[in-house]
Amino acid sequence: MVPWTNSTDCLKIVVYVYYPFIFMSKNGPPYKVTGSMTEVLDIIAKNLNFCYEYVVPEDNQYGYRMVNGSWTGIIGVVARKEADMTAVVVGVDQERAAVVDFSDFLYTDQKSIVYKRPMLESDMAGFLKPYTAMSWVMIMVALVTVAVMIPLTGLFYPLSRLSQTKENHNNYFAAAGSRRKNTVSSELQDAGFWSFATALAQCESARHENIVGSANFQHLPRSFSAYNFLPRGQSQQAVLGMWLVLSLIISTVYRSNLKAMLIKPRLVLPFSNLMELTESGIPCFVVRGTLLHRNIQGAEVGSAVWRLNNRLILHSDVPRAVRDMSAGKHAIFTTHLGLLSVIHTSFVQTNTCSIYMTMDSYFGPRCLSIVFRKGSPLRHQVNPIVVKLRESGILEHLFMKYVIHASTCLRSDPANVENILRPLEIGDMYGVCFVYVGGK
């Protein structure tokens, strides 16, 4: 059987792109049409013994009712009796059912959203990620509090330098060019240096060896010697002891979290549902003239669906929309079954799951059926065949042939980056450098 003919005895079947049911070449007529529904159509044509030719709607739309009552797209082509039936399945809708007839349903579908999956990139602020912003604020507050409490608790028991003899003391400050007075500000400064150095685990161990006053350390700045002192008094010892324990916990948890993030990093997805999409500012593509397009236009004011109207990208060039989505220009909001085909094709081409789908679905489930002229006897002939194909699992089998690899990506967590290797970049080094520079 030859699907495309110029015979007037053959049925005219309207068709348009709907992945994975219908794929069409851009050039035609004659159009090169493939997909799971072409195989279904061949089975129906063989059983009913008819030939057929394809008709493509001039406006490249599925069809909606205009203000004057006329219909656009493939619904309009069938309603005006310019075609006998559709090769592509169409969502059943009461308004559409007023002008055309629908077969028994072949599939059920709902709407989902897909977007380009983010990739691992260098992050200059990555060394801050082990703690949240609030955690960092609380750590800084604790550090400042300890730095203030040390001098206050040492008012009656002042800090004692590590076995500094008067001679070493004089030599040290003579080399520095000045004599430093033991004032409240200097005590506060020393306490701050010590607290910060302890948090970074860079405080030298205190030993009774005249470390600070020795000749080997006379060339170092005063801030270095401030890290080395022994507290006196139980109050001051309690403050320093608590800060040492807290610093150990903070540094240990920090290193553990940072190591875990490096070994098993997780991506931050731009959005995971419709509400987050509207808040992200990312544009969203919707096929013009579909039921989804109409539902968005008629959504309740203030709802998440209604807010999409300000960010919609509307046209009927599905292949271009898929390319733009893969480049990160916009998300795609359309049928779940169609998006399975997009994910499958992307995996076949790249061997990676470069697209992710939101977990939530919308506007469904909705029946997908073949469209016939109003009152057409062909509907009653096709329905028994459709029912047998559906109940025997043949429809599901034909469909899965075109989306088999989509399940590989849907089973994985889109935020995980397992088996993804990326070479280190210069930006990965900045955070570590800042930590070392700040610690020194």
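For the structure itself, consult the block above.
All chains considered together, the criterion is met by 2 disulfides. Each sulfur of the disulfide joining C353 and C409 lies 2.2 Å from the other. When the S-S torsion is -90 degrees, as for the bridge of C353 with C409, the disulfide is left-handed. Of this pair, C353 sits in the loop between α13 (336-350) and β14 (355-357) while C409 is found in helix α16 (residues 406-411), placing the two residues 56 residues apart along the sequence. Looking at C353, the relative accessible area reads 16%, which means it is buried. Cysteines bonded in the protein chain are numbered consecutively along the chain; their disulfide partners then correspond to 1-2, 3-4.

Glancing now at the pairing of strand β15 (residues 362-369). Looking at chain direction, strand β6 (residues 90-91) and β15 are connected through 2 bridges and run antiparallel. Paired with V90 across the two strands is S369, which belongs to β15. Bridging between strand β8 (residues 107-116) and β15 involves 4 bridges; their strand directions are antiparallel. Each residue of the ladder has a partner; that of K111, found in β15, is Y362.

Here we take up the packing of aromatic side chains. Tallied over the full model, the rule gives 17 aromatic pairs. Between Y18 and F21, the aromatic rings sit 4.9 Å apart at their centres with planes inclined by 80 degrees, giving edge-to-face as the arrangement. Assigned by exposure class, Y18 and F21 land together as buried. Between the aromatic rings of F50 and Y52, the centroid separation amounts to 6.5 Å while the plane-to-plane angle is 70 degrees, which identifies the pairing as edge-to-face. Per residue, the accessibility class of F50 equals that of Y52, and both read buried. Ring pairing ties together the aromatic residues Y16, Y18, F21, Y62, Y107 and F399, which thus form one cluster.

Reading the values: rules and limits
Residues numbered from 1 in each chain as written. Predicted model: local features only at pLDDT ≥ 70, side-chain atom pairs only at ≥ 80, totals over all residues. Heavy atoms only, no water. Disulfide = S-S within 2.5 Å. Helix = DSSP H or I, 4+ residues; strand = E, 2+ residues; numbered from the N terminus. Buried < 20%, exposed > 50% of the residue type's maximum accessible area, 1.4 Å probe, protein only. Pairing = 2+ DSSP bridges. Phe/Tyr/Trp six-rings, centres within 6.5 Å; stacked < 30°, edge-to-face > 60°.

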